[in-house]
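Spelled out, the chains give:
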Amino acid sequence: MAETTPGPRYSERSIEERMGLLDKAKMHAKALSLGMLRLARPQRITLRYPMERPVLSEGYRGMIVLNNDKCIGCSLCARVCPAAAMKMFNAAPKKLRPVINYERCIFCGYCVDICPVEALYHVPVHDLVFENRDDMVFDLETFTKEPEEPEHVRKVKVVIDEEKGLRYVPVDSE
Amino acid sequence: MAIVERLVDLILWPPLFYYIIFPGLIFVMIFEIFLIWSERKIAGRVQMRYGPLEIAPRLAGAPQLLADLIRYALQEVIIPRTVDKLPFVIAPIAAFVIALMPLIVTPFSPTFLPVTTEGSILIAAALTTIPPLLLILAGWASNNKFSLVGSARESFLIATYEIIILLVIASMSFLYGTLDFLKAVEVQQALLWGILLNPIAAITYFVAVMMGTSRFPFEIAEAESEIVMGAFTEYSGIMFGLAMGISYARMFVYNIIFVLLFLGGWSPLGGIVTGNYILDSIILPGASVAIKAVLISLLMVFTRAVYGRYRIDHALKGGWGFWFIMALVSIGLSAAVVYLMEVF
Ligand code: SF4
Ligand code: SF4
């Protein structure tokens with residue numbers, strides 16, 4: 001029975017620990033002065049993304065490109081793909097080649113890992129724009145070409161800073 | 001040429017100039033655009049972001065608000081079928097107009113004011129209490145649960161902050177022994193600024209105005225993220241733009257009153273005499289009042305960057321349990337100051 005009756009609105013402990021007026025005023029002053037400090041010396045950690053882009057790390061799982069000369073048509077990539085994004089087709093008689101459907105791909109990288117001749121590889125691009133959904137299903141020609149880097153982009157390097165959190169250091173494009 | 005002269009005459013005709021240009025509609029519009037932009041910029045800077053920047057990055061995104069305004073103006077105004085049409089349409093318009101009405105009695109210099117009356121403080125205080133009622137009307141007429149929640153919250157808050165504001169204004173007019181802004185400013189020029197005479201009243205007024213014009217942390221009635229602009233959920237297009245401007249217009253008017261009652265009105269620049277009538281009686285004192293009001297408003301919008309939103313019961317508890325008592329204390333302090341002035 002005792003458990004079903006509603007308890008006091010606040011626990012005893014929180015009543016004891018309720019702040020006094022002076023403490024509250026102190027906390028307000030602290031918060032406001034921190035805000036003023038940030039206003040005077042901003043510490044921005046956001047990036048103006050489409051114009052500035054971070055340099056992506058080695059082994060970044062971006063878009064996937066096929067090296068058509070290396071591929072032996074073993075179909076392993078299509079088999080392992082958990083999203084059924086890879087499909088094999090006959091590029092020529094007795095010459096199977098994979099193509100990718102970016103509507104489905106989840107960028108897990110299994111296909112790149114499993115390929116026995118390393119015919120698939122990632123490129124550090126993850127933000128292509130397609131005009132319609134049919135364009136997202138690549139054919140062999142587009143799949144074997146590396147996507148172009150957009151122009152007028154400032155590349156920056158992300159550096160972890162002890163005071164600021166994140167810092168962006170510009171790097172020259174070459 | 002005659003036409004041009006006529007036009008210039010018409011524009012400089014005092015009532016028209018006062019209501020339409022300064023400190024009326026056009027000035028308030030520019031003030032709002034500047035204030036909303038700086039609010040977003042300040043919040044961005046403090047919260048480690050950039051704020052609006054995409055439109056004209058060289059000007060720090062300043063035209064962003066103009067772009068927003070154009071978008072609002074060109075959008076279709078949708079009036080839902082379920083609303084009560086007449087009050088729905090009238091409420092924001094009337095609220096905006098009435099929010100600006102206290103300006104008819106607030107002087108910007110000893111000579112630049114449209115209506116001279118003995119009871120200008122009383123009239124201004126009375127007129128500032130009307131727009132929140134129209135806010136409630138808007139929410140009620142919208143026939144939408146978010147709007148109703150917003151209206152209910154606003155009506156809880158009104159009861160709190162209006163009493164505090166009126167008590168503080170009463171304490172200040174008690175201190176100055178007048179109900180006229182002109183005399184109040186004269187007393188401050190002769191004696192001391194009101195904020196030094198009665199600092200408790202100044203702080204209490206400041207907080208109550210933040211509560212009244214839904215600034216953080218009292219942005220409870222609008223609460224964008226919980227109840228989607230509160231009473232104005234159903235509004236769209238230019239009506240929404242207008243509704244958004246109401247709280248800023250009210251803040252501007254309240255801050256003009258703050259400047260006149262606590263910050264010495266046209267004090268620093270108003271005393272300069274250059275001999276040019278327009279410069280002496282309008283531009284210099286008007287600029288000093290307006291600049292002070294803008295600075296106070298910037299301080300009020302700055303809190304958006306720091307605070308979260310109080311729950312309604314916390315705000316009411318703070319309002320009744322602390323600031324109401326502070327308002328009463330400020331009356332006592334005024335009495336003490338008046339007594340001391342009598343003695344010395
Ligand atoms: S990355 Fe993963 S989902 Fe995408 S094609 Fe390769 S295996 Fe399929
Ligand atoms: S796993 Fe490699 S070699 Fe085999 S079909 Fe896919 S890309 Fe070609």
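Everything below is about the structure printed above this text.
Draft legend 1. View of the pairing of strand β7 (residues 165-170) of chain A. All names here are of chain A. Here six bridges tie strand β6 (residues 154-161) to β7, and the two strands are oriented antiparallel to one another. Bridging across to β7, Val 159 finds its partner in Arg 167. Hairpin connection between β6 and β7: a loop of three residues separates the two successive antiparallel strands.

Draft legend 2. Inspection of the environment of B:Leu197 at higher detail. One can find B:Leu197 in helix α10 (residues 194-197). Measuring from C-alpha to C-alpha, the distance between B:Leu197 and B:Phe322 comes to 21 Å, with 125 residues separating the pair along the chain.

Draft legend 3. Examining the site of ligand 1 more closely. A:Cys81, A:Cys105, A:Cys108, A:Gly109 and A:Cys111 are the nearest of the 13 residues found near ligand 1. Grouping the amino acids of the shell around ligand 1 by side-chain chemistry returns 12 nonpolar, one polar and no charged.

Draft legend 4. View of the site of ligand 2. The full set close to ligand 2 counts 13 residues, and A:Cys71, A:Cys74, A:Ser75, A:Cys77 and A:Cys115 are the nearest of them. Among the residues making up the shell around ligand 2, the classes are represented as 11 nonpolar, two polar and no charged.

Draft legend 5. Region of the structure containing the sheet that holds β6(A). Residues and elements named next belong to chain A. Taken in spatial order, the three strands line up as β1-β6-β7 in an open sheet, and their pairing is mixed. The sheet is open, and its two edges are formed by β1 (52-54) and β7, each paired on a single side. Ignoring strand direction, the axes of neighbouring strands in this sheet form an average angle of 45 degrees. Of the strand pairs in this sheet, β1 and β6 are connected by three bridges, and their pairing is parallel. Its bridge partner being in β6, Glu 52 is matched across the sheet by Arg 154.

Draft legend 6. Up close: the packing of helix α9 (residues 181-190) of chain B against helix α13 (residues 237-262) of chain B. Residue and element names in this part refer to chain B. Running from amino to carboxyl end, α9 crosses α13 at an angle of 45 degrees, the nearest separation of the two axes being 8 Å. Our classification of the angle between α9 and α13 gives oblique. Within the contact between the two elements, α9 uses Phe 181, Ala 184, Val 185 and Gln 188 and α13 uses Ile 257, Leu 260, Leu 261 and Phe 262. The residue inventory of the contact of α9 with α13, partitioned by class, reads seven nonpolar, one polar and no charged.

Draft legend 7. Looking closely at the pattern of salt bridges. Residues and elements named next belong to chain B. Counted by the stated rule, this structure contains 10 salt bridges over all chains. The salt bridge partner of Lys 183 is Glu 118, with a shortest N-O separation of 3.6 Å. Remark: Glu 118 occurs in the loop between α5 (85-100) and α6 (120-128) and Lys 183 occurs in helix α9; sequence separation between them is 65 residues. It is possible to trace a salt-bridge network through shared partners that takes in Glu 39, Arg 215, Glu 219, Arg 304 and Arg 309.

Draft legend 8. Summary view of the interface of chain A and chain B. With 18 residues of chain A in contact, the opposing surface of chain B contributes 18 residues. Summed over both sides, the interface between chain A and chain B buries roughly 1700 Å², with carbon and sulfur atoms accounting for 62% of that surface. Broken down residue by residue, the surface that chain A buries against chain B is led by A:Leu39, A:Arg44 and A:Arg48, which jointly contribute 34%. Where chain A packs against chain B, one counts three residue pairs in polar contact (both at pLDDT 80 or more).

Draft legend 9. Region of the structure containing unusual backbone geometry. Residues and elements named next belong to chain A. Positive phi, close to 55 degrees, is recorded for Phe 107, a residue that is not glycine. Within the fold, Phe 107 resides in the loop between β4 (95-100) and α4 (110-114). One non-glycine residue, Glu 118, lies in the positive phi region at around 55 degrees. For Glu 118, the position within the fold is in the loop between α4 and β5 (120-123). Classification of Glu 118 as exposed rests on a relative accessible area of 59%.

Draft legend 10. Expanded view of the nonpolar core. Membership of the largest hydrophobic core comes to 100 residues, with the highest contact counts inside it found for B:Tyr205, B:Leu261 and B:Phe262. In terms of residue count, the dominant contributor to this core is α13(B) (17 residues). Core analysis: the next-biggest nonpolar cluster, separate from the first, contains 25 residues, A:Met63, A:Ile64, A:Cys77 and A:Ala85 among them.

Draft legend 11. Representation of helix α3 (residues 25-46) of chain B within the structure. Given a rise of 1.5 Å per residue, 22 residues ought to cover 32 Å, and the 31 Å separating the end C-alpha atoms of α3(B) matches this to within 8%. Residue B:Met48 follows α3(B) closely and has a positive phi angle near 60 degrees.

Draft legend 12. View of a nonpolar patch on the surface. Residue and element names in this part refer to chain B. A surface patch of nonpolar side chains, about 1100 Å² in accessible area, is lined by Ile 3, Leu 7, Leu 10, Trp 13, Leu 16, Tyr 19, Ile 20, Leu 25, Ile 26, Met 29, Ile 30 and Val 115. Sorting the residues of the nonpolar patch by element identifies α1 (2-12), α2 (14-21) and α3 as the ones contributing at least two each. The dominant element in the nonpolar patch, judged by the number of residues it contributes, is α3, at four residues. Among the secondary structure elements, Ile 30 is positioned in helix α3.

Draft legend 13. Region of the structure containing the side chain of B:Ser151. Checked against the element boundaries, B:Ser151 lands in helix α8 (residues 145-176). Beyond its immediate stretch of four places on either side in the chain, B:Ser151 contacts B:Leu135, B:Ile136, B:Gly139, B:Trp140 and B:Ala231.

Draft legend 14. Examining the environment of B:Thr233 more closely. All names here are of chain B. Relative to the helices and strands, Thr 233 resides in the loop between α12 (224-227) and α13. Spatially, the C-alpha atom of Thr 233 lies 26 Å from that of Leu 298, the residues being 65 residues apart in sequence. Filtering out sequence-adjacent residues up to four positions away, Thr 233 remains in contact with Asn 144, Phe 146, Ser 147, Ile 227 and Val 228.

Rules and cut-offs
Residues numbered from 1 in each chain as written. Chains lettered and ligands numbered in written order. Predicted model: local features only at pLDDT ≥ 70, side-chain atom pairs only at ≥ 80, totals over all residues. Heavy atoms only, no water. Pairing = 2+ DSSP bridges. Helix = DSSP H or I, 4+ residues; strand = E, 2+ residues; numbered from the N terminus. Near = heavy atom within 4 Å. Nonpolar A, V, L, I, M, F, W, Y, C, P; charged D, E, K, R; others polar. Axes fitted to C-alpha atoms, helices over the stretch in contact; angles between N-to-C directions. Parallel < 35°, antiparallel > 145°, perpendicular 65-115°, else oblique. Contact = heavy atoms within 4.5 Å. Salt bridge = Lys/Arg side-chain N within 4 Å of Asp/Glu carboxyl O. Buried area = accessible area lost by both parts, 1.4 Å probe. Polar contact = N/O pair within 3.5 Å; in protein donor to acceptor, adjacent residues only side chain to side chain. Buried < 20%, exposed > 50% of the residue type's maximum accessible area, 1.4 Å probe, protein only. Core = buried A, V, L, I, M, F, W, Y, C linked by side-chain atoms within 4.5 Å. Expected span 1.5 Å × (residues − 1). Patch = residues over 30% accessible without salt bridge, like charges linked within 9 Å, V, L, I, M, F, W, Y side chains within 5 Å. Areas by Shrake-Rupley, 256 points an atom, 1.4 Å probe, with all protein chains shown as cover.

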